[in-house]
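Results of the structural survey
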Amino acid sequence: MPLIDTLNRPLRDLRISVTDRCNFRCVYCMPKEIFGPDYQFLHRDRILTFEEITRLAKIFVSHGVGKIRLTGGEPLVRKDVTGLVSMLASIPDLDLTMTTNGSLLPKFARPLKEAGLKRVTVSLDSLDNEIFKSMNDVDFPVEKVLEGMEAAAEAGLGPIKVNMVVKRGLNEASILPMARFFREKGYILRFIEYMDVGHTNGWRMDDVVPSAEIVKMIDAEMPLESADPNYPGEVAGRWRYKDGSGEVGTISSVTQAFCRTCNRTRISAEGQLYTCLFAVKGHDFRALLRGGGSDEEISNEIARVWGMRDDRYSEIRSENTIALPKVEMSHIGG
Ligand code: SAM
Ligand code: SF4
Ligand code: SF4
């Protein structure tokens, strides 16, 4: 039986952040001014070991979680992450995926597939090098990310999904070229509304490009029709090209909150459990793991935390909530 929260939502989906580090400094996630050379990332001893992650994952699966996504920070900068993938892949009936910036996929795609990873989602915000570099802020070129996607597709980590965060005034001009390009490729491009995660990215409502505007823009050139969700609680709205040439997705966390069906929870690299992407406070599972807690105690704690969950941040977002000291995206995972 899945666990049910106070709003009748089952626990189905777990995101595990395996590191708070990243080789990019995306302006909407890890702005350089904050995440600079002096920034104190988590010390090695403070992040969960592969054994601890796997132990927790098994307990979550016993509670009805069927999908685990590895994320970060950049999951591929965690040393030997393929080792973790193979440990998690040994858990039966689990859909194991990863979200990555793609930069290290040329090296890791095949080993990840061999270790048992099912699919990857690759983030890319523009096909224009000038725009992309101004967003990743480490001068990383588009071609290298495209190479990573190719490597993933060749290794059998498809169908590839592509995440594009749209920020007003930065990459709106990239929407149509991205749609055209990935339609041709047969990858599913998903447009993500820029969100007020964390408290360092200086988010303003004016910077959000509503999904409806994006759909309208694409529809004018390549007609779209809405499609049903693939499964209950799917985050992305689905839009099919009317000529049958594929689909795009919209993740409208700001303009069309989907809290009502939100069945996701998140573990940070240091083992804090967050029941909402916009949480201010986590629940310390590392202390339980390292303090000799039994599987039963950990299982009961997961049940207790989910049982009292009432999060619906996106539905109640306001000027007051924006200022809350929320956890950073690179910490909690996307
Ligand atoms: N480093 C990996 C990557 O970028 O794919 C995984 C972690 S990243 C935090 C996960 C996803 O969150 C990415 O697709 C990223 O673009 C998205 N993201 C980060 N900050 C965001 C923000 N402020 N609003 C919307 N999406 C954001
Ligand atoms: Fe790194 Fe991903 Fe955040 Fe960009 S979005 S800074 S790639 S963690
Ligand atoms: Fe789920 Fe929180 Fe996002 Fe709502 S705001 S969809 S509860 S993660």
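Above this text is the structure in question.
Residues numbered from 1 in each chain as written. Chains lettered and ligands numbered in written order. Predicted model: local features only at pLDDT ≥ 70, side-chain atom pairs only at ≥ 80, totals over all residues. Heavy atoms only, no water.

1. As for the pairing of strand β10 (residues 264–267)
Of the two faces of β10, the one carrying Arg264 and Arg266 and the one carrying Thr265 and Ile267 are both buried. Examined bridge by bridge, strand β1 (residues 13–17) and β10 share four bridges and lie parallel to one another. Counterpart to Asp13 in the pairing with β10 is Arg264. The sheet contact formed by β10 and strand β11 (residues 272–274) spans two bridges and is antiparallel. When the sheet's bridge partners are listed, Arg266 is paired in β11 with Tyr274. The hairpin formed by β10 and β11 contains four residues between the paired strands, and Gly271 there has a positive phi angle of roughly 85 degrees. (Buried < 20%, exposed > 50% of the residue type's maximum accessible area, 1.4 Å probe, protein only. Helix = DSSP H or I, 4+ residues; strand = E, 2+ residues; numbered from the N terminus. Pairing = 2+ DSSP bridges.)

2. Let's talk about the packing of aromatic side chains
A full pass over the atoms with the stated rule returns seven aromatic pairs. On the numbers, 5.0 Å between centres and 90 degrees between planes, the contact of Phe181 with Phe182 is edge-to-face. Aromatic side chains Phe278 and Tyr313 sit 4.3 Å apart centroid to centroid with 15 degrees between the ring planes, which places their arrangement in the stacked category. Placement of the pair is Phe278 in the loop between β11 and β12 (283–284) and Tyr313 in helix α10 (residues 313–316), with a sequence separation of 35 residues. Among the aromatic residues, those joined into a cluster by ring pairs are Phe24, Phe132 and Phe140. Lying across the ring of Phe278, Arg317 places its NZ or CZ 5.2 Å from the centre. (Phe/Tyr/Trp six-rings, centres within 6.5 Å; stacked < 30°, edge-to-face > 60°. Lys NZ or Arg CZ within 6 Å of the ring centre and 35° of its normal.)

3. Some words on the site of ligand 2
Ligand 2 sits among Cys22, Phe24, Cys26, Tyr28, Cys29, Met30, Gly73 and Asn101. Partitioned by chemical class, the residues of the shell around ligand 2 number six nonpolar, two polar and no charged. (Near = heavy atom within 4 Å. Nonpolar A, V, L, I, M, F, W, Y, C, P; charged D, E, K, R; others polar.)

4. Structural notes on the environment of Leu146
Note on placement: Leu146 falls in helix α5 (residues 142–155). Separated by 40 residues in sequence, Leu146 and Pro106 place their C-alpha atoms 9.5 Å apart. For Leu146, the residues in contact, after removing those within four places along its chain, are Leu124, Leu127, Phe181 and Phe182. (Contact = heavy atoms within 4.5 Å.)

5. Some thoughts on the sheet that holds strand β9 (residues 247–251)
Strand order across the open sheet formed by twelve strands is β7-β8-β9-β6-β5-β4-β3-β2-β1-β10-β11-β12, with mixed pairing between neighbours. This sheet does not close on itself; its edge strands, each paired only once, are β7 (224–227) and β12. Together, β2 (67–71) and β3 (95–100) form the strand contacts of helix α2 (residues 81–89), whose direction differs from that of β3 by roughly 155 degrees. (Axes fitted to C-alpha atoms, helices over the stretch in contact; angles between N-to-C directions.)

6. A few points about the pattern of salt bridges
Within the structure shown, the criterion is met by 23 salt bridges. Across the salt bridge formed by Glu150 and Lys185, the nearest N and O atoms sit 2.7 Å from each other. Residue Glu150 is found in helix α5, and its partner Lys185 is found in helix α6 (residues 175–185); the two are separated by 35 residues along the sequence. A relative accessible area of 30% means that Glu150 is categorised as partly exposed. Of the residues examined, Lys185 reaches a relative accessible area of 38% and is grouped as partly exposed. In this structure, Asp196 engages Arg317 in a salt bridge whose closest nitrogen and oxygen atoms are separated by 2.9 Å. One end of the pair, Asp196, is in the loop between β6 (188–193) and α7 (211–221); the other, Arg317, is in the loop between α10 and α11 (319–322), with 121 residues separating them in the sequence. Summarising the burial analysis for this pair, Asp196 and Arg317 share the class buried. Here the residues in one salt-bridge network are Asp5, Arg9, Arg309 and Asp311, joined through shared partners. (Salt bridge = Lys/Arg side-chain N within 4 Å of Asp/Glu carboxyl O.)

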